[in-house]
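Structure assessment
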Amino acid sequence: MITTNFKIALRSLKRNKVYTFINISGLAIGMAACLLIFLVVRYELSYDTFQPSYSDIYHVVTQDKETDGIDYTPGVPFPALDAMRADFPQIKVTGLFATYGTQITVPDLKVTSGKKFIESNGVFFCEPQFFDVFSYKWLVGNASVLKDPNTVILTKSIAVKYFGNWENVIGKMIRIDNIMNMKVSGVIDDIPNNTDYPICIIASFITLKDNHYYGYNTDWGSTTSSFQVFMLLPKNVTPDHINEQFKLLAKKYYKSDGVRRRINFLQPLSKIHFDTEIPGLGDHVTSYSTLITLGMIGFLIIVMACINFVNLSTAQAITRSKEIGVRKVLGSSRKQLFWQVMSETNLIVLVSTILSLILAKLALPYIKYIISINDDLNLLTMQNSAFMILVVIVVTILSGVYPALILSGFSPVMALKNKIGSATIGGISLRRALVITQFVIAQMLIVGTIVAVSQMDFIRTADLGFNKEAVLVLYSSTDSSTLVKHTPFKRALLQMPDVKMVSLSSDVPSSDNNSGTNFAFDHRPDEDFTLYRKFGDADYFKTFDLKFVAGEAYQENDTAGKVIVNETFLKKLNVKTPQEAIGKEIRTGSGRWRSIIGVVKDFKTNSLRDEVKPILISSRQGQFNVISIKLNSTNLSRSKLQIEKLWDKYFPEYAYNSTFMDESIEQFYRQEKQMALLYKIFAGLAIFISCLGLYGLVSFMAVQRTKEVGIRKVLGAGVGNIVLLFSKEFTILIAIAFVIAAPLSWYFMNNWLNNFAYRIDIGWSVFVIAMVISLMVAWISVGYRAFRAALANPVKSLKTE
């Protein structure tokens, strides 16, 4: 019986090649898109799940209560680690300090300067207790080696990268940032890429304590996101219990701090990858809302393909009415006819599934260019197979059940008398509703695309408060031998014809680096908000074209006790005019009082997702590890090459590491750009699937109304009249879809834009463009087929019965 059903189904599909092609194409594209989205979402949800204690590991977060809200920092003060161990003896506590862009030098007798590597993931400084909380596979050695200073553990791939193998690396030496000579004492297996803690080199934490190069200090008033603490909670201890205990810890250790800071909650490891406020140390964060949006888009694309199937199947029901009538007269039951139609659906879905797997396989290598995925995704896994089986079942039910019920329910008498029409089967209203649904989805995706692209354009052209164009940023070091070369190197750069300005600093104006501290103003007690610091030389302001609203910049040889602040700093202190701040004194941490000599216009200190922070800029040569070079934009590649040669002359022991500032700022918005690209892709797919469906429906209408078209032409109707006949109904349906899609798309995209402190407004023009695009693609799809019908010879159409 099953074999017979499939044979009949195959013959039926061959007779209707156009409709079969449309259905298979739409379903294959929809299923491929859905599968790829599933791969991406599953990968993002898998972050750090390889840890055996994944559900019991918690990240300690610092919370600052300030006058205008709450500020979160993923890091804690350095002394907090020992304090927590003392206050929570029953809990395993560990910490790590992370560096980025670290230079690793591997000594080599053949090369004087050694082999130099810039590790973007940097170095993690940890204690042996780190391996009590996190689990990694040891290949050589064990955690106890981290008790000793100047010891380091490498991952397998890093060991092979440096020494050619991992089996014989114990006892060999590497040099970190040309400061620390470290002995390799262990090797662990490579860590999966789906982690927010991409460890490749682990150095002993005691080395960090002994060497203050990375800013280790015992000040409870200072935090850095680079130093993070984790707890492994026993099963009988809840996070809420620890959070309550943190309140006591805050009173005990922060009582002398003017900033009302509390370490008062634990962040689960399972939430870190999805928390946009308190991120981990990975290369990106993916919010739950993003994953939900992707999942919804995948589902809606599948729904659109199923809508095509239902529309064409119910439309074709009229032409198959006699076939159904004959089958019923010959004894076929409704159940048999139902499964016969379902067999046709199953056959189409089966072919579509095979094609979708081929399409997904072809598209898979390009996923990493669209989404932040570094692993090679595998289609052939148990989870993916189970998902595809589920999709096949859902698609078969959504696509096949209704048409099967309609066809199997025909009255044989009415069918044989050819009295089955669209009104009889009740398909017209359904098809109209489904076409509206398709275009609601398509128009929402079009609006989403326009808004996302417009926001990215706004970000690209927004006034950041400084000049980022043609600024080449070099990353240096702050060891004493390098610091003394900075000034001669700067002078040499200024002799180059393509170099306009050069500045030495700790940081560029806008970055992810945030160094916060408590402070006092005008000899008052400590203020109740955090001040963020940047260190730059006298040319910092000219190089980035920072605008002064009061006072002036400090001079090269006149920087001892003078600082610059921004407008936000004054607003938070309720200082009415910038001139009032000039001459007032400020003290950061437990330092000395210094005089404010200038106020700069606000500039964007981080991404446009965040509000501008209160900033203090001062000069501290020991913090200058960034060299910013303002270039003529006529030949940037030539200038960059010349600067690299000069770098090798002055700093042969350091690898050349540079980026253009506008490129680094673009990295802030990598995920938003990816979402904009995804919207474009899926909006295109939605439009394509909608066009397939419309073309199929109009093709069927043209066949059904062949004689009507012939009569109209004989009576004088022109080509335009015929095209309008086919187009006007769909135009009305698209207009109805627009009325539904406009408020929905505004709601969702307005919520997305609320993630940005600086954003565009969604104007009426966005919806007009979406409507115009929808109408254009519909008219093209409908008009092409209607135009062919209008050009047909009326004599032939009137002769045929």
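Quick notes on the rules
- As a convention, each chain's residues are numbered from 1 in the sequence order in which they are written.
- The model is predicted, so local features are restricted to residues of pLDDT at least 70 and side-chain atom pairs to those at 80 or more, both for listing and for counting; the totals for chains, interfaces and linings are taken over all residues.
- The side-chain values count all of the structure's non-hydrogen atoms but skip hydrogen atoms and water molecules.
- The way it works is that DSSP assigns letters per residue, a run of H or I at least four long becomes a helix, a run of E at least two long becomes a strand, and they are numbered from the N terminus.
- Exposure is judged per residue with a 1.4 Å probe applied to protein chains only, and the accessible area is read against the type maximum: over 50% gives exposed, under 20% gives buried, and values in between give partly exposed.
- Residue contacts are defined here by distance: any two heavy atoms, one from each residue, within 4.5 Å place the two residues in contact.
- Note that accessible areas follow from Shrake-Rupley with a 1.4 Å probe, and for residues the cover is restricted to the protein chains shown.
- Between any two strands, pairing holds if DSSP finds at least two bridges.
- Angular values range over 0 to 180 degrees, each being the angle between N-to-C directions of two axes fitted as lines to C-alpha atoms, with helices fitted over their stretch in contact.
- Every patch collects residues that have over 30% relative accessible area and no salt bridge, joining them within 9 Å if they carry like charges and within 5 Å if they are nonpolar side chains (Val, Leu, Ile, Met, Phe, Trp, Tyr).
- Each salt bridge in this description consists of a side-chain nitrogen of Lys or Arg and a carboxyl oxygen of Asp or Glu lying within 4 Å of one another.
- For our purposes a nonpolar core is just a set of buried Ala, Val, Leu, Ile, Met, Phe, Trp, Tyr and Cys residues, chained together by side-chain atoms within 4.5 Å.
- Cavities and pockets are found on a 1 Å grid laid over the protein atoms alone: a cavity is a set of points where a 1.4 Å probe fits but cannot escape, a pocket is an open set with protein on both sides within 12 Å along at least five of seven lines, and a lining residue has an atom within 4 Å of such a point.
- Grid points are joined across faces, edges and corners, and a volume is the space filled by probe spheres set on the points.
- Residues are grouped as follows: Ala, Val, Leu, Ile, Met, Phe, Trp, Tyr, Cys and Pro are nonpolar; Asp, Glu, Lys and Arg are charged; every other residue, Gly included, is polar.
- As a per-residue quantity, pLDDT reports the predictor's confidence and falls between 0 and 100.
- Residues adjacent in sequence count toward polar contacts only when both atoms are side-chain atoms; beyond that, a polar contact is any pair of N or O atoms within 3.5 Å, and within protein one must be able to donate a hydrogen and the other to accept it.

**A short note on the overall build of the protein**
When helices and strands are counted, the protein shows 27 helices and 26 strands. Looking at the protein residue by residue over its 801 residues, the buried ones come to 54%. Considering only residue pairs separated by 6 or more positions, the protein has 80% of its internal contacts joining residues 24 or more positions apart. Approximately 35,400 Å² of the protein is accessible, and the part contributed by carbon and sulfur atoms is 58%.

**Considerations on the sheet that holds strand β16 (residues 499–505)**
Sheet architecture is open: four strands sit in the order β16-β25-β15-β26, paired in antiparallel fashion. Every interior strand has two partners, whereas the edge strands, β16 and β26 (658–660), have only one. For this sheet, the mean inter-axis angle between neighbouring strands, taken without regard to orientation, is 20°. Note that strand β15 (residues 471–475) and strand β25 (residues 626–631) share five bridges and pair antiparallel. By the bridge assignment for β25, Leu472 is matched with Ile629. Helix α17 (residues 480–494) rests against β15, β16 and β25 of the sheet, and its axis sits at about 165° to β16.

**Things to note about a nonpolar patch on the surface**
A surface patch of nonpolar side chains, about 780 Å² in accessible area, is lined by Ile732, Ile736, Val739, Ile740, Leu744, Trp746, Tyr747 and Phe748. Topologically, Val739 is positioned in helix α25 (residues 719–753). Exposure remark for Val739: the relative accessible area of 59% places this residue in the exposed category.

**Section: the side chain of Ser506**
Structurally, Ser506 is set in the loop between β16 and β17 (516–517). Discounting residues that sit within four places of it in the chain, Ser506 has contacts with Lys534, Phe535, Gln623, Phe624, Asn625 and Val626.

**Focus: the nonpolar core**
With 109 residues, the main nonpolar core has Leu445, Phe541, Leu546 and Ile617 as its most contacted residues. Ignoring any residue separated from it by four or fewer positions in sequence, one finds Phe541 in contact with Leu546, Phe548, Ala553, Tyr554, Ile564, Val600 and Ile617. Ile91, Phe117, Tyr162 and Leu233 belong to the second-largest nonpolar core, a separate cluster that totals 49 residues.

**A short note on empty space enclosed by the protein**
For the coordinates displayed, the defined rule picks out two cavities of 30 Å³ or more. The computed volume of the second largest cavity comes to approximately 100 Å³. Lining the second largest cavity we find 14 residues, and of these Glu44, Thr286, Ile371, Gln671 and Gln674 sit closest to its centre. Residue assignment for the lining of the second largest cavity shows that the elements contributing at least two residues are α2 (17–45), α9 (288–316) and α23 (670–704). Here the element with the most residues in the lining of the second largest cavity is α23; it accounts for five residues. Per-class residue counts for the lining of the second largest cavity are six nonpolar, six polar and two charged.

**Some remarks on unusual backbone geometry**
Unusually for a residue other than glycine, Ala470 sits at a positive phi of about 55°. Here Ala470 is to be found in the loop between α16 (427–461) and β15. The backbone phi angle of His523 is positive, close to 60°, even though this residue is not glycine. Counting through the fold element by element, His523 comes out in the loop between β18 (519–521) and β19 (531–535).

**Here's the deal with the environment of Leu233**
Note on placement: Leu233 falls in the loop between β13 (227–232) and α7 (239–253). For Leu233 and Ile57, which are 176 residues apart along the polypeptide, the C-alpha to C-alpha distance reads 6.5 Å. If we skip the residues at most four places from it in the chain, Leu233 touches Asp56, Tyr58, Ile91, Thr238, Pro239, Ile242 and Leu266.

**Thoughts on the pattern of salt bridges**
Under the definition given, this model contains 18 salt bridges. As a salt-bridge pair, Lys252 and Asp87 come within 3.4 Å of each other at their nearest N and O atoms. Of this pair, Lys252 sits in helix α7 while Asp87 sits in helix α3 (residues 80–87), and the two are 165 residues apart along the sequence. You can call Lys252 partly exposed: its relative accessible area is 46%. Look at Asp87 and you get partly exposed, because its relative accessible area is 28%. The network of salt bridges with shared partners includes Asp82, Arg85, Glu127 and Lys209.

**Quick word on the confidence of the model for the protein**
Predicted confidence across the protein gives a mean pLDDT of 81, with 83% of residues reaching 70 or more. For the protein, the element scoring lowest by mean pLDDT is helix α15 (residues 422–425), at 46; strand β8 (residues 151–155) scores highest, at 95. Of the regions scoring below 50 in pLDDT, residues 419–427 engages in 21 contacts with residues more than four places distant in sequence or in other chains.

**Considering the side chain of Ser287**
With respect to the helices and strands, Ser287 occurs in the loop between α8 (269–272) and α9. A polar side-chain atom of Ser287 sits 2.9 Å from a polar atom in the side chain of Ser289. A polar side-chain atom of Ser287 sits 2.9 Å from a polar atom in the side chain of Thr290. If we ignore the near neighbours within four places in the chain, the residues touching Ser287 are Phe274, Thr276 and Gln671.

**A few points about the environment of Val169**
Along the polypeptide, Val169 turns up in the loop between α5 (156–163) and β9 (173–176). For Val169, a relative accessible area of 0% puts it in the buried group. Expressed as a C-alpha distance, the spacing of Val169 and Val184, which sit 15 residues apart in the sequence, is 6.7 Å. Look past the residues within four positions of Val169 in its chain and what remains in contact with it is Ala159, Phe163, Val184 and Val187.

**As for the pairing of strand β23 (residues 594–600)**
With six of seven residues buried, β23 lies mostly within the body of the structure. Here strand β20 (residues 548–551) pairs with β23 via three bridges, running antiparallel. Looking across to β23, one finds that Phe548 is bridged to Val600. Sheet analysis places strand β21 (residues 562–566) next to β23, joined by five bridges and oriented parallel. When the bridges of β23 are listed, Ile564 appears paired with Gly598. In this sheet, β23 lies alongside strand β22 (residues 585–588) in antiparallel orientation, the contact comprising two bridges. Within β23, the position partnered with Ile586 by the bridge is Arg594.

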